Structures are given as C-alpha cells and as structure tokens.
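Close look at the chain arrangement
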Amino acid sequence: MLASGVRLYYEEYLPVKSTPGIPVIFLHGFMLDRRMWTFQVERFGQAHRSIFVDAKGHGLSDTPESGYGRDERVEDLLLCADILSLERFHLIGFSMGGATALGFALTYPERLQSLTLVAAPLARHWFFKWVSRIDTIAREQGADVAKKFWLDYIMPYYAPAELQEAGELMRQMIVNQPLAVWNDPLRGKYHTEADSDRLQHISMPTCVIAGDKDRVFVEMAAIMNERIPSVERHIISSCGHMVPLEKPELFNDIVLQFLERTTE
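Overview of the structure. This is a predicted model, so every value here is computed, not measured.

Here is what the cut-offs are and how they apply
Here the residue index of a chain counts from 1 through its sequence in written order. pLDDT decides what is reported in this predicted model: residues at 70 or higher carry local features, side-chain atom pairs at 80 or more are listed and counted, and totals for whole chains, interfaces and linings draw on all residues regardless. Only hydrogens and water are set aside; all other atoms, that is, all heavy atoms of the structure, feed into the side-chain values. Note on conventions: DSSP H or I runs of at least 4 residues are helices, E runs of at least 2 residues are strands, and numbering of each starts at the N terminus. Residue exposure (1.4 Å probe, protein chains only): buried if accessible area is under 20% of the type maximum, exposed if over 50%, otherwise partly exposed. The pairing test for Phe, Tyr and Trp rings, Trp by its six-membered ring, is centres within 6.5 Å, and the orientation test on the planes gives stacked under 30 degrees, edge-to-face over 60, and tilted for anything in between. Expected span of a helix: the number of residues minus one, times 1.5 Å. One side-chain nitrogen of Lys or Arg within 4 Å of one carboxyl oxygen of Asp or Glu is enough to make a salt bridge. Each pair of strands is called paired provided DSSP finds at least two bridges between the two strands. Each axis is a line fitted through C-alpha atoms, taken for helices only over the stretch in contact, and angles between the N-to-C directions span 0 to 180 degrees. Patches here are clusters of residues that have more than 30% relative accessible area and form no salt bridge, with a 9 Å joining cutoff for like charges and a 5 Å cutoff for nonpolar side chains (Val, Leu, Ile, Met, Phe, Trp, Tyr). Per-residue and other accessible areas follow the Shrake-Rupley method at a 1.4 Å probe size, with only the shown protein chains counted as cover for residues. Under the convention used here, Asp and Glu are negative, Lys and Arg are positive, and both His and the chain ends fall outside the count. In plain terms, the charge of a residue is placed at NZ if it is Lys, CZ if Arg, CG if Asp and CD if Glu.

1. Points about unusual backbone geometry
In this model, Ser-95 sits at a positive phi of 50°, which is unusual for a non-glycine residue. When you line up the elements, Ser-95 lands in the loop between strand 6 (89-94) and helix 3 (96-107). In this structure Ser-95 comes out as buried when scored by relative accessible area, which is 12%. Its identity is not glycine, yet Arg-124 carries a phi of approximately 75°, on the positive side. By secondary structure assignment, the location of Arg-124 is in the loop between strand 7 (112-118) and helix 4 (127-141). With relative accessibility at 57%, the residue Arg-124 sits in the exposed group.

What follows is the structure, encoded as structure tokens:
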C-alpha cells in the first residue's frame, strides 16, 4: 500500500471458519519486521482480520532518506488504516512499534478499540540516552558497524537451546534489514514530547506486557500501569525483551483474552 508516497508492505490474514472480529494491526520493533509475529499469525488470524505491517525502512517497505520519527510513523499508520478502511481497530505494538502505538493512541484515540503495548518505551525516558550511543557509532563509523554492534549486543542472550529458534529468527531479521533508518540525517533530532506526562489521557482499554528480565521496560511498564486509567499489566516470568517470540503461547493467550474482553 502507498502511504505519503512511500510503499509499505503488509500481510493480512482472515479467519476461514468464522466471521472476523474487530481488525488487529501489529507493529514490529526496531531492526525487525513483520516476521517477528510468526508465532501469532495462526492464532490471531483464526479470530480477527490480522494485519502485519513493515514500517518504512524495515522489511519489504520502502526506504526513503528521512521521515523515521515517531510522529511520522503515527501518520503512516493513520494512512494505512484509512487505505484498509479500518474505522476502528485493536492495535498491538512491540518496542519501537509500541512507541508508535502509544503515539497513535494519544493522537487518534477515536480509532482504537484497544491498545496493547509490549516492551514499549516511553518517549524522553533515560533509556534513549543508551540508544543514542549506537546512533553515534552509526554517524562516526557507519551504519554497517552500528548494525553489527546491535547484533553482537543482542544475540548472546539467545544462545541457550530453548531460545535458539527465536534467536535465529532475530538474527535473520536484523541481518536483512536496510540501513536507511540509521543513515537518516534527522535521526536523534526528531522532537517528541515526554510520554510520562500524558499517559493519563489514554482513554481506551490498555494491556501492558514486559518480560521480567527486561528490567528497564519493566520499569516503564510500572509507570504506564500507574498512570493509564484503564490498564492491565502482565510481567512474564523468565522472559526477556522479545516476549512474542520467547513465550508465544502465553503471550497469545493473554492478548487474545484481552481483545475478547474489550470487544464485548
């Protein structure tokens, strides 16, 4: 589909044996793509019209020179929803996609039936100072070096046998990602207001999920739990950042039950 002159790739799944419930859009994380939802496609596709979008600069979507800030991603999502004729939908965002989902909920609350934030960061949180270190590597040493740093930082976590399947999928996605996002001349310069001061304005039912080993995101999940009016929080035991890949069955159960409750 075409959004703001940029082609965004998406995959859509419809229930075969039942009437589709309220549509669901899935948003992936940074340096990932729609494939991170591999273990969600079948379960969610049985009950809902399920749409998995590659953000621009990721997966099979276009890679413009710039335009990768959160506000730009929010507007891309709005255009996607309009093109797909989605008046109202459930939104599930992971990490960077969670940040986009949060921005969308604050900007276009009337479009959302529910909001699910998975390992989602809060804009202006100190976590982004750490992220800026990798941006510095990209500027000074090149995007290829930054990608290698990112990969080398992440992959040791997935060495244990029980995480190797998830780890291999992660590796494939990261290795295959374009470098346009890191080469964006405006990266690190996009202005975003602090989310922590605006969470009380999120009006739709919200589900917040994080893995207990992912400490900084557990901290941010606690802030969301305190300030979002209609919220439930799930901290998944023995789990890191990639909850949908590390604990797919539990994740699917939690979110599908949440969607069912918010559809009634």
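What follows picks up the thread again.
2. As for the packing of aromatic side chains
The tally for this structure, following the rule as stated, stands at 16 aromatic pairs. Centroid distance Phe-127 to Phe-128: 5.3 Å. Interplanar angle 70°. Geometry classified as edge-to-face. Each member of the aromatic cluster is reached from another via a ring pair, and the members are Phe-30, Phe-127, Phe-128, Trp-130, Trp-150, Tyr-153, Trp-182 and Phe-217.

3. Concerning helix 2 (residues 70-83)
For helix 2, built from 14 residues, the straight-helix expectation of 20 Å at 1.5 Å per residue is met to within 8% by its first-to-last C-alpha distance of 20 Å. Every buried residue belonging to helix 2 is among Arg-70, Arg-73, Val-74, Asp-76, Leu-77, Leu-78, Cys-80 and Ala-81, and all of these are buried. Trailing helix 2 by a residue or two, Ser-85 shows a phi angle of about 60°, which is positive.

4. Some remarks on the pattern of salt bridges
If you walk through the whole model with that rule in mind, you get 14 salt bridges. Its salt-bridge partner being Asp-82, residue Arg-111 comes within 2.9 Å of it at the nearest N-O pair. With Arg-111 in the loop between helix 3 and strand 7 and Asp-82 in helix 2, this residue pair connects regions lying 29 residues apart in the sequence. Residue classification places Arg-111 among the buried residues on the basis of a relative accessible area of 10%.

5. A short note on the sheet that holds strand 6
Overall, mixed pairing links the seven strands, which are arranged 3-5-4-6-7-8-9 in an open sheet. Of all strands in the sheet, those bounded by a partner on one side alone are strand 3 (10-13) and strand 9 (231-236). Averaged over neighbouring strand pairs, the angle between their axes works out to 15° when direction is ignored. Bridge count between strand 6 and strand 7: six bridges; the pairing is parallel.

6. A look at a negative patch on the surface
A grouping of Asp-71, Glu-75, Glu-193 and Asp-197 is seen on the molecular surface, where their side chains present a negatively charged patch. The topology assignment puts Glu-193 in the loop between helix 7 (180-183) and strand 8 (206-211).

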